[in-house]
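Structure assessment
One-letter residues, chain by chain:
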Amino acid sequence: MGVTTVTDVTDGVLHTLFRSEQGGHEQVVLCQDRASGLKAVIAIHSTALGPALGGTRFYPYASEEEAVADALNLSRGMSYKNALAGLDHGGGKAVIIGDPEQIKSEALLLAYGRFVDSLGGRYVTACDVGTYVVDMDVVARESRWVTGRSPENGGAGDSSVLTAYGVFQGMRASAQHVWGDPTLRGRKVGVAGVGKVGHHLVEHLLSDGAEVVVTDVREESVRRIRDKHPQVTAVADTAALIRTEGLDIYAPCALGGALSDTTVPVLTAKVVCGAANNQLAHPGVEKDLADRGILYAPDYVVNAGGVIQVADELHGFDFDRCKAKASKIFDTTLAIFARAKEDGIPPAAAADRIAEQRMADARRRRP
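The notes below deal with the structure included here. (Residues numbered from 1 in each chain as written. Predicted model: local features only at pLDDT ≥ 70, side-chain atom pairs only at ≥ 80, totals over all residues. Heavy atoms only, no water.)

**Describing the packing of helix H6 (residues 160-179) against helix H7 (residues 198-207)**
The relative placement of two packed helices comes down to the angle between their axes together with the axis-to-axis distance. Note the cut-off: All axes are obtained by fitting lines to C-alpha atoms, using only the stretch in contact for helices, and the reported angles, taken between N-to-C directions, cover 0 to 180 degrees. In this text, helices come from DSSP runs of H or I with a minimum length of four residues, and strands from runs of E with a minimum of two, each type numbered from the N-terminal end. In these notes the angle categories are as follows: under 35 degrees is roughly parallel, over 145 is roughly antiparallel, 65 to 115 is roughly perpendicular, and the rest is oblique. Put simply, a crossing is left-handed when the front helix is turned counterclockwise from the back one by less than a right angle, and right-handed when it is turned clockwise. Residue contacts follow a heavy-atom distance rule, with two residues in contact if any of their heavy atoms lie within 4.5 Å. Residues are sorted three ways: Asp, Glu, Lys and Arg are charged, Ala, Val, Leu, Ile, Met, Phe, Trp, Tyr, Cys and Pro are nonpolar, and all the rest, Gly among them, are polar.
Here H6 crosses H7 at 45 degrees, and the two axes come no closer than 8 Å. With respect to H7, the element H6 is oriented oblique. Of the two elements, H6 crosses H7, and the hand of that crossing is right-handed. Only His200, Leu201, His204 and Leu205 of H7 make contact with H6, whose side of the interface consists of Ser160, Val161, Ala164, Tyr165, Val167, Phe168 and Met171. Each residue belonging to the contact of H6 with H7 can be placed in one class, and the counts come to eight nonpolar, three polar and no charged.

Here is the structure:
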């Protein structure tokens, strides 16, 4: 087992780290344990507000460079998310390379836990795509810097519950801003991805009286929703969902890059508000949305419920306290829309300005 520096990766990644506006990361480590098959990247973007906090994504990336790039993007997003959530944490993220259904094992997770522990608390991990509460229980056997563990092991359990709740609060704020009423009753909402977070979001929407349309690459995920709620409509794929006639809100809840030069021109929704990270495929998409009159609720603002939950676990988890904090996503989202209108900029830019100001203020207060 050993940790190498980022100098072992390609010039493209080095350019992102040291010379691009998207860089500025404090630390990136590549982790490998040949015995278990572990190959991972841990990226720490900022510790200005406190120890970096962010989940571990387990995914079959097409290349190591793609994995590093994802870790860089996701960790940067966590800095902004944690800042706007009012947490005393910076941003970090880890990715494990490979298909979790093929290579995930106890030995691999234990090896990963040792790497997390080697950072001495600069990075605190949790669940993400491809990792679950039971996985964090295993990782925690080798490191204390693990959240999202099971209640029986002193943790808070599944963070997707409050992630979905926070997205729902962001939707309510979006409805208030666009239609003057925070209810989703009578609104048609399209949810792309009804897995860990998406299926909880559907429950909130139905309870509030929304008409729901769903899609997912996994047929069993759609079937679970439809079996429980036959009134939910399913469409073949995301391409069909975003073109749905009469759609009021589009909720991307799967992987990133959902808003692109291809998808934005054909969106029928008036609002985009979903749980997926890094929804904007590239800089400039937020302006394209604004030019089309589509309100975009920044992803890292509305999906912060989960990180609020796992951060609270470090101090003795209290669900009601966390839910109260997640409820404030409604007010934060409205404040961002107001700032965007005041400054004449898209909401994503307004959110960035608010988060950057909090991080800058924290740096100035340091001795």
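From this point, the discussion proceeds with the structure in view.
**Quick look at empty space enclosed by the protein**
Where we set the bar: The distinction between a cavity and a pocket rests on a 1 Å grid over the protein atoms alone: a 1.4 Å probe fits inside a cavity but cannot get out, while a pocket stays open yet meets protein on both sides within 12 Å along at least five of seven lines, and a residue with an atom within 4 Å of a point counts as lining. Grid points are joined across faces, edges and corners, and a volume is the space filled by probe spheres set on the points.
Under the criterion given, the structure shown has one cavity of 30 Å³ or more. The space that makes up the largest cavity amounts to roughly 60 Å³. If you go around the largest cavity, the residues you meet are Asn73, Leu74, Gly77, Met78, Lys81, Lys93, Asn277, Asn278, Asp299 and Tyr300. The set of elements that each furnish at least two residues to the lining of the largest cavity consists of helix H2 (64-84) and helix H11 (299-302). Of the residues in the lining of the largest cavity, the class split is three nonpolar, four polar and three charged.

**Quick word on the sheet that holds strand E13 (residues 295-296)**
Inclusion rule: The pairing criterion is simple: DSSP has to find at least two bridges between the two strands.
Reading across from one edge, E10-E9-E8-E11-E12-E13 is the order of the six strands in this open sheet, with parallel pairing throughout. On the outer flanks of this sheet lie strand E10 (233-234) and E13, each paired with one strand and no other. Relative to E10, strand E9 (residues 211-215) runs parallel, the two sharing two bridges. Within E10, the residue paired with Val214 across the bridge is Ala234.

**Here we look at the pairing of strand E6 (residues 90-97)**
As a reminder, the rule being used: Only protein chains enter the accessibility calculation, which uses a 1.4 Å probe. A residue is then buried if its area is under 20% of the maximum for its type, exposed if over 50%, and partly exposed in between.
For E6, the tally of buried residues reaches eight of eight residues, placing the bulk of the element in the interior. A two-sided burial pattern is seen for E6, the buried positions comprising Gly90, Gly92, Ala94 and Ile96 on one face and Gly91, Lys93, Val95 and Ile97 on the other. As paired strands, strand E4 (residues 52-53) and E6 are joined by two bridges and run parallel to one another. The residue of E6 that forms the bridge with Leu53 is Gly91. By the bridge criterion, four bridges tie strand E5 (residues 56-59) to E6 in an arrangement that is parallel. Bridging across to E6, Thr56 finds its partner in Ala94.

**Considerations on the environment of Ala350**
Take Ala350: it is sitting in helix H15 (residues 347-365). A relative accessible area of 0% places Ala350 in the buried class. Taking the C-alpha atoms as reference points, Ala350 and Ala338, separated by 12 residues in sequence, lie 8.9 Å from one another. With residues near it in sequence (within four places) discarded, Ala350 still touches Ile336, Arg339, Ala340 and Ile345.

**Examining the nonpolar core**
To keep things clear, this is the line we draw: In this text, buried Ala, Val, Leu, Ile, Met, Phe, Trp, Tyr and Cys residues form a nonpolar core when linked through side-chain atoms within 4.5 Å.
Counting 30 residues, the largest nonpolar core has Met171, Val191, Leu201, Val202, Leu205 and Val212 as its most contacted members. At five residues, H6 tops the list of elements feeding residues into this core. Sequence-distant contacts of Val212, that is, excluding residues within four places in its chain, are made with Val189, Val191, Val202, Leu205, Leu206, Val232 and Thr233. Grouped together as the second largest cluster of nonpolar side chains are 25 residues, Ile42, Ile44, Val138 and Val146 included.

**A word on the packing of helix H14 (residues 329-343) against H15**
Orientation of H14 relative to H15, taken along the N-to-C sense of each, is 105 degrees, at an axis distance of 8 Å. Here H14 is positioned roughly perpendicular relative to H15, judged by the angle of their axes. Taking contact as the criterion, the partners of Ile336, Phe337, Arg339, Ala340 and Asp343 in H14 are, on H15, Pro347, Ala350, Ala351, Arg353 and Ile354. Considering only residue class, the contact of H14 with H15 consists of seven nonpolar, no polar and three charged.

**Focus: H7**
Spelled out, the test is: Arc, as used here, means the arc of the directions from the helix axis to the C-beta atoms.
Among the residues of H7, Gly198, His199, Leu201, Val202, Leu205 and Leu206 are the ones counted as buried. Looking down the long axis of H7, one finds its buried residues gathered within 150 degrees of arc, a one-sided arrangement. Close packing links the buried residues of H7 with H6, strand E8 (188-192), E9, helix H8 (219-228) and strand E11 (249-252). Just downstream of H7 lies Gly209, where phi reads positive at about 90 degrees.

**Quick word on unusual backbone geometry**
With phi around 50 degrees, Asn278 is a residue other than glycine that occupies positive phi space. By the element assignment, Asn278 lies in the loop between strand E12 (271-272) and helix H10 (285-291). A relative accessible area of 27% means that Asn278 is categorised as partly exposed.

**Considering the packing of aromatic side chains**
Put simply, the test is: Within 6.5 Å between ring centres, the rings of Phe, Tyr and Trp (the latter by its six-membered ring) count as paired, and their orientation is classed by plane angle as stacked under 30 degrees, edge-to-face over 60, tilted in between. Charge-over-ring contacts are defined here by two conditions on Lys NZ or Arg CZ: a distance within 6 Å of the ring centre and an angle within 35 degrees of the ring normal.
According to the stated counting rule, one finds three aromatic pairs in the structure shown. Taken together, a centroid distance of 5.2 Å and an interplanar angle of 70 degrees make the contact between Tyr59 and Tyr61 edge-to-face. With a relative accessible area of 28%, Tyr59 lands in the partly exposed category. Between Phe317 and Phe319 the ring centres are 6.4 Å apart and the planes differ by 75 degrees, which places this aromatic pair in the edge-to-face class. When the ring centre of Trp145 is taken as origin, the NZ or CZ atom of Arg144, which lies over that ring, is 4.3 Å away. A cation sits over an aromatic face here: Lys323 above Tyr165, 5.0 Å from the ring centre.

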